[in-house]
Amino acid sequence: THNTNTIYTTLVPPPPLSTMVFSLLSSIFSNTPVILNESNTALNPSFNSSSATAPAADGGDISNAASFAKSLNQDIMRLYSKYLSSDGSHVDYAELSKSDEFHAFQEKTIQLRFCLLKDLSELERKALFLNLYNIIVIHAYCTIGVPSSLAARLKFYKTTGYMIENEFYSLDDIEHGILRGNTKHPAVFVFSPQFSNKNDPRLKYTMEKDPRIHFALVCGAKSCPPIRIFSPSNLKFGLNAAAKNFLKNGGLRIENHDIYLSMIMKWYHDDFGKTDSEMLEYLKQFLAEEDKEKLEGLLKEGKFKLHYLKYDWSVNGKK
């Protein structure tokens, strides 16, 4: 038997004042309790946990980080092939959570605690962290449930994650600390970078900022991009394809002089460009020819108005 609802927590120190203020304001507007002293939720149990088993001999060579990452990718692909819609937009959480494949995957994640990230190239780490972010959300939705309010979502992304190489990586740590080059969270009243301690061992894995990750990370909401699987060999193509697909399917729409954009581009505006024109110049490369020509004309005129679309936080579950 498998216990899919076991939660492993590690205590963390009180958050900085900026986070406390933001948490307080969030609780006021969403009518939820204020949580100031939180604990991290590691979804992969420790090796000596009563529900854990030893790393499987056939689960990828844990002494070879690249081999293990490839094996983990294959396991994720098997889950996606059965429980993810063909377009990557919906997950059958109910059936997935009951499946033998998911139970086997849960045990496989134990081995992440022994995975030596230093043995991977930056390209391999980037693909791994992109895939881990998306599967952590799915793993958590199946085991601890879906956050139901703004404050709950903030806590979820801040405290839910995996233990990797004996360090805890939350969803926020992966997104803002690793993949965004240790940039601060875009939320109001957050002023410090994700890893604010200069001695944080995770700092050595931070990467140069790549705006395309915002079309690859899936937070579990309907307005998120479709879920994809990434590998080191297809990473450039995969990220470009993710950007093109997201913008083509509602992420960027042009109507006369009005440009309608996903809220993602507002939240992470500076990742794409300091000014509106710089942001649009960056996005232009991923547009189909007709839209690219329209945007080029608007940029040349300098006459356009941006509109950001409301974000649908409904769960990307099976229709």
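In this text the structure is predicted, and so the values were computed from the model without any measurement.

Visitor: Mind showing me how you'd approach a nonpolar patch on the surface here?
Guide: On the surface, a nonpolar cluster with roughly 330 Å² of combined accessible area is contributed by Val188, Phe189 and Phe191. Summarising the element assignment, Phe191 is placed in the loop between helix 7 (171–179) and helix 8 (235–251).

Visitor: What exactly am I supposed to notice about the sheet that holds strand 6 (residues 258–261) here?
Guide: The strands making up a sheet are joined through hydrogen bonds of the backbone, oriented either antiparallel or parallel. Taking strand neighbours across the sheet as the criterion, the three strands line up as 5-6-7 in an open arrangement whose pairing is mixed. A strand with exactly one partner marks an edge of an open sheet, and here the two such strands are strand 5 (252–255) and strand 7 (305–308). Across this sheet, the average inter-strand angle for adjacent strands is 20°, counted without regard to direction. For strand 5 and strand 6, the ladder comprises four bridges, and the chain directions are antiparallel. Each residue of the ladder has a partner; that of Leu252, found in strand 6, is Leu261. Along the sheet, helix 8 makes contact with strand 5 and strand 6, crossing strand 5 at roughly 45°.

Visitor: How should the packing of aromatic side chains be read in this particular structure?
Guide: Note on aromatic pairs: each is described by the distance of the centres and the angle between the planes. Scanning the model with the defined rule gives 11 aromatic pairs in all. Between the aromatic rings of Tyr93 and Tyr141, the centroid separation amounts to 5.4 Å while the plane-to-plane angle is 55°, which identifies the pairing as tilted. With Tyr93 in helix 3 (residues 93–98) and Tyr141 in helix 5 (residues 122–143), this residue pair connects regions lying 48 residues apart in the sequence. Where Phe156 meets Tyr157, the ring centres are 5.3 Å apart and the plane angle is 80°; that geometry is what we call edge-to-face. In this structure Phe156 comes out as buried when scored by relative accessible area, which is 5%. With a relative accessible area of 10%, Tyr157 lands in the buried category. An aromatic cluster of at least three residues, connected via ring pairs, comprises Phe215, Phe246, Phe272, Tyr282 and Phe286.

Visitor: Before we go on, may I ask you to explain the nonpolar core in this structure?
Guide: Looking at soluble globular proteins, one finds that nonpolar side chains tend to be buried together. Among the nonpolar cores identified, the biggest contains 80 residues, and Met265 and Leu283 are the most heavily contacted of them. Here this core gets 13 residues from one element, more than from any other, and that element is helix 5. Discounting residues that sit within four places of it in the chain, Leu283 has contacts with Phe215, Leu247, Leu252, Leu261, Met265 and Phe272.

Visitor: Would you mind showing me how to read the side chain of His214 here?
Guide: Structurally, His214 is set in the loop between helix 7 and helix 8. Among the polar contacts made by the side chain of His214, one reaches the side chain of Asp271 at a distance of 2.8 Å. Other than its neighbours up to four places away in sequence, His214 contacts Glu175, Arg180, Pro225, Ile264, Tyr268, Asp271 and Phe272.

Visitor: Can you walk me through the packing of helix 11 (residues 276–284) against helix 12 (residues 289–301) in this structure?
Guide: The angle between the axes and the distance between the axes are what describe a pair of packed helices. Helix 12 packs onto helix 11 with a crossing angle of 160° between their chain directions and a minimal axis gap of 10 Å. Between helix 11 and helix 12, the crossing angle belongs to the class labelled roughly antiparallel. The hand of the helix 11/helix 12 crossing is left-handed. Contacts from Ser277, Leu280, Glu281 and Lys284 of helix 11 reach helix 12 at Lys292, Leu295, Glu296 and Leu299. Taken together, the residues that form the contact of helix 11 with helix 12 break down as three nonpolar, one polar and four charged.

Visitor: Even after reading the chapter, I still don't get the pattern of salt bridges, so can you show me in this structure?
Guide: Per the counting criterion, the structure on display carries 17 salt bridges. Among the ionic pairs, Arg180 bridges to Asp271, the shortest N-O distance being 2.8 Å. In this pair, Arg180 sits in the loop between helix 7 and helix 8 while Asp271 sits in helix 10 (residues 269–272), placing the two residues 91 residues apart along the sequence. No difference in accessibility class separates Arg180 from Asp271, as the two residues are buried. Ionic contacts of the salt-bridge type, sharing partners, join the residues Asp75, Arg78 and Lys108 into one network.

Visitor: Explain the pairing of strand 3 (residues 160–164) here, please?
Guide: Regular strands place side chains that alternate from one sheet face to the opposite one. Among the five residues in strand 3, five count as buried, and that is most of the element. Looking at chain direction, strand 2 (residues 39–42) and strand 3 are connected through two bridges and run parallel. Paired with Thr41 across the strands is Thr160, a residue of strand 3. Alignment of strand 3 against strand 4 (residues 167–170), held across four bridges, turns out to be antiparallel. The residue of strand 4 that forms the bridge with Tyr162 is Tyr169. Hairpin geometry of strand 3 and strand 4 is characterised by an intervening segment of two residues between the two adjacent antiparallel strands and by a positive phi of about 55° at Glu165.

What counts as what
Residues numbered from 1 in each chain as written. Predicted model: local features only at pLDDT ≥ 70, side-chain atom pairs only at ≥ 80, totals over all residues. Heavy atoms only, no water. Patch = residues over 30% accessible without salt bridge, like charges linked within 9 Å, V, L, I, M, F, W, Y side chains within 5 Å. Areas by Shrake-Rupley, 256 points an atom, 1.4 Å probe, with all protein chains shown as cover. Salt bridge = Lys/Arg side-chain N within 4 Å of Asp/Glu carboxyl O. Helix = DSSP H or I, 4+ residues; strand = E, 2+ residues; numbered from the N terminus. Pairing = 2+ DSSP bridges. Axes fitted to C-alpha atoms, helices over the stretch in contact; angles between N-to-C directions. Contact = heavy atoms within 4.5 Å. Phe/Tyr/Trp six-rings, centres within 6.5 Å; stacked < 30°, edge-to-face > 60°. Buried < 20%, exposed > 50% of the residue type's maximum accessible area, 1.4 Å probe, protein only. Core = buried A, V, L, I, M, F, W, Y, C linked by side-chain atoms within 4.5 Å. Polar contact = N/O pair within 3.5 Å; in protein donor to acceptor, adjacent residues only side chain to side chain. Parallel < 35°, antiparallel > 145°, perpendicular 65-115°, else oblique. Left-handed = near helix turned anticlockwise from the far one by under 90°. Nonpolar A, V, L, I, M, F, W, Y, C, P; charged D, E, K, R; others polar.

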